[in-house]
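Here are the chains, one letter per residue:
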Amino acid sequence: MSMSAVLRGRGSVRSGLLFVKKSYRLIYTQKMAEKSAEYTSTNGFESKTPFLIGVAGGTASGKSTVCQRIVEKLGQQHKEQTERRVVCISQDSFYRTLSPSERMRAERGQFNFDHPDAFDDKKLLAVLKDILAGKKVEVPEYDYITNSISPHRSHTIYPADVVLIEGILVFYFPEVRELFHMKLFVDTDSDTRLARRVPRDIMERGRDLEQVLNQYMNFVKPAFEEFCLPTKKFADVIIPRGADNLVAIDLIVQHISDYLKRSPSEKPEFASVPSVSDSPHRSGKSGRPH
Ligand SMILES: Nc1ncnc2c1ncn2[C@@H]1O[C@H](COP(=O)(O)OP(=O)(O)O)[C@@H](O)[C@H]1O
Ligand SMILES: O=c1ccn([C@@H]2O[C@H](COP(=O)(O)O)[C@@H](O)[C@H]2O)c(=O)[nH]1
């Protein structure tokens, strides 16, 4: 693939960042290729550090699903944790511990979990730095029913080649943002996101309809507009329609794969990356309509 191949959709390239609106062709820009060559120094860490990818986007935009697709396409989903070369972390694991009065408000759906202050950004930064330093880290599991970190459940993240961290505000904190080698923004329209969040929160997060809608109107929507949406401008790649966008996901996977091959660190033995023409979308096997 030519280094100067440029995506020529209805997107635009500004200051080396790629803004993609609706249609895609190729996703490499000269700037991105140059950035690949700078892999050893882009975030101030040594060359053996993992390729760190931030995945931002509104609630229920499909961030986790996009990460899952990337893991699958890199052939990692069935590997043991210790063998995985691509791992995913959620920013939700870095919600801070609430005070007793905040906890009472949270139980009534009156705490703003979409505000940057709800996160322990210092801890998130420290953990990401440890990951970049090639250390094994423990990442707690967040419990949306108790609105707190599970005291007894955490995941060990072993040194990996690619680490994805997804969350509504992963691009909000400048020191965290600067660590990423690649920044993705999952751009799914608000109606779709709300339509997905309602059943998810009722079925998986122990809420009732009134609670979900009140929280959405009072906190989630205003905070998305104030804190999350403005971070879209930091993205290298914007993914319209989230996980439905198989073309974008294939191109990103291809880029990660190429990026890793070009780095001076160990060459990962990823499963072969399917070409765009192999994707289920193109071969008519897509499960989900656009
Ligand atoms: N492309 C899609 N089509 C249909 N449902 C989807 C799609 N992407 C995600 N979902 C569903 O929407 C909900 C939120 O998706 P998720 O990936 O967890 O979003 P996020 O991580 O941004 O909160 C989940 O129930 C998921 O199964
Ligand atoms: O205790 C909590 C913690 C978070 N939330 C909501 O979760 C979303 C972020 O998770 P996504 O998977 O990206 O949707 C955020 O909008 C919070 O409102 C919660 O309801 N309770």
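Small disclaimer: the values here were computed from a predicted structure and weren't measured.

*Asks:* Mind showing me how you'd approach the nonpolar core here?
*Replies:* Within soluble globular proteins, side chains that are nonpolar generally end up buried alongside one another. Counting residues in hydrophobic clusters, the biggest one holds 59 residues, and the most contacted among them are I53, V55, I70, V163, L164, L184 and I252. Considering each element in turn, this core owes the most residues, nine residues, to helix α8 (residues 246–262). Residues in contact with L164, not counting those within four places in the same chain, are I53, V55, C67, I70 and C88.

*Asks:* What is the right way to look at the sheet that holds strand β4 (residues 86–90) in this model?
*Replies:* Hydrogen bonding along the main chain pairs the strands of a sheet, whether they run parallel or antiparallel. A sheet is described by the order of its strands in space; here five strands give the open sequence β4-β7-β3-β8-β9, paired in parallel fashion. Of all the strands in the sheet, the pair left with one neighbour each is β4 and β9 (237–240). Neighbouring strand axes in the sheet, compared pairwise and without regard to direction, differ in orientation by 20° on average. When strand β3 (residues 51–57) meets strand β7 (residues 162–166), the two strands line up parallel, connected through five bridges. The residue of β7 that forms the bridge with G54 is I165. Packing against the sheet, α8 makes contact with β3, β7, β8 (182–187) and β9, and its axis sits at approximately 160° to β3.

*Asks:* Can you help me understand the site of ligand 1 in this one?
*Replies:* Around ligand 1, 14 residues are found, and the nearest of them are G62, K63, S64, T65 and R196. Elements with a contribution of two residues or more to the shell around ligand 1: α2 (63–73) and α6 (190–204). In terms of residue class, the shell around ligand 1 is built from two nonpolar, seven polar and five charged.

*Asks:* Explanation requested: the site of ligand 2 in the structure shown.
*Replies:* Surveying the vicinity of ligand 2 reveals the residues T59, A60, K63, D92, Y95, F113, D114, Y144, N147, I168 and V220. Of the residues belonging to the shell around ligand 2, the class tally is six nonpolar, two polar and three charged.

*Asks:* Help me understand the packing of α6 against helix α7 (residues 209–228), please; the structure alone is not making it clear to me.
*Replies:* When two helices pack together, you describe them by how their axes are tilted relative to each other and by the distance separating the axes. Packing of α6 against α7 leaves a shortest axis separation of 9 Å and a crossing angle of 135°. Between α6 and α7, the interaxial angle falls into the category oblique. The element α6 and its partner α7 pack so that their crossing is right-handed. The segment α6 lies against α7, with L194, R197, V198, D201 and I202 engaging L209, V212 and Y216. Residues that form the contact of α6 with α7 fall into these classes: six nonpolar, no polar and two charged.

*Asks:* Could you clarify how one ought to interpret the environment of K232 in this entry?
*Replies:* Here K232 shows up in the loop between α7 and β9. Owing to 17 C-beta atoms within 10 Å, K232 belongs among the partly exposed residues under this scheme. With sequence-adjacent residues up to four places away left out, K232 is seen in contact with F185, D187 and I238.

*Asks:* Before we go on, may I ask you to explain helix α4 (residues 121–132) in this structure?
*Replies:* For an α-helix, 3.6 residues make a turn, and residues three or four places apart therefore share a direction. Under the 1.5 Å per step criterion, the end-to-end length of α4 is 16 Å for twelve residues, consistent within 8% with the ideal 16 Å. The complete set of buried residues in α4 reads L124, V127, L128 and I131. What you see down the axis of α4 is that its buried residues fit within an arc of 100°, all on one side. Tucked into the core, α4 has its buried residues touching β3, β5 (137–143), β6 (148–157), β7 and α5 (174–177).

*Asks:* Would you explain the pairing of β7 in this entry?
*Replies:* Each regular strand displays side chains that alternate between the two surfaces of the sheet. Along β7, five of the five residues are buried, which leaves the element largely enclosed by surrounding structure. Side chains V162, L164 and E166 of β7 all project onto a buried face; the interleaved residues V163 and I165 project onto the opposite face, where all are buried too. Bridge count between β4 and β7: five bridges; the pairing is parallel. Bridge assignment links V87 to a residue of β7, and that residue is V163.

*Asks:* I would appreciate a short explanation of the confidence of the model for the chain in the present structure.
*Replies:* Caution is warranted with low-pLDDT regions, since their predicted coordinates should not be read in detail. In the predicted model, the chain carries a mean pLDDT of 80, and the fraction of residues at 70 or more is 74%. Below a pLDDT of 50 lies the segment residues 1–47, which in the model reaches 72 contacts outside its immediate sequence neighbourhood of four places, other chains included. Within the model, the stretch residues 266–290 combines pLDDT values under 50 with 34 contacts to residues more than four positions away or in other chains. This complex was scored by the predictor with a pTM of 0.81 and an ipTM of 0.99.

*Asks:* So what exactly am I meant to see when it comes to the environment of G134 here?
*Replies:* Note on placement: G134 falls in the loop between α4 and β5. The exposure class assigned to G134 is partly exposed, which follows from the 14 C-beta atoms found within 10 Å. Residues G134 and L194, spaced 60 residues apart in sequence, show a C-alpha to C-alpha distance of 38 Å.

Procedures and definitions
- Residues numbered from 1 in each chain as written.
- Chains lettered and ligands numbered in written order.
- Predicted model: local features only at pLDDT ≥ 70, side-chain atom pairs only at ≥ 80, totals over all residues.
- Core = buried A, V, L, I, M, F, W, Y, C linked by C-beta atoms within 7 Å.
- Buried ≥ 20, exposed ≤ 12 C-beta atoms within 10 Å, placed from the backbone.
- Helix = DSSP H or I, 4+ residues; strand = E, 2+ residues; numbered from the N terminus.
- Contact = placed C-beta atoms within 7 Å.
- Pairing = 2+ DSSP bridges.
- Axes fitted to C-alpha atoms, helices over the stretch in contact; angles between N-to-C directions.
- Near = placed C-beta within 6 Å.
- Nonpolar A, V, L, I, M, F, W, Y, C, P; charged D, E, K, R; others polar.
- Parallel < 35°, antiparallel > 145°, perpendicular 65-115°, else oblique.
- Left-handed = near helix turned anticlockwise from the far one by under 90°.
- Expected span 1.5 Å × (residues − 1).
- Arc of directions from axis to C-beta.
- pLDDT = per-residue confidence, 0-100.

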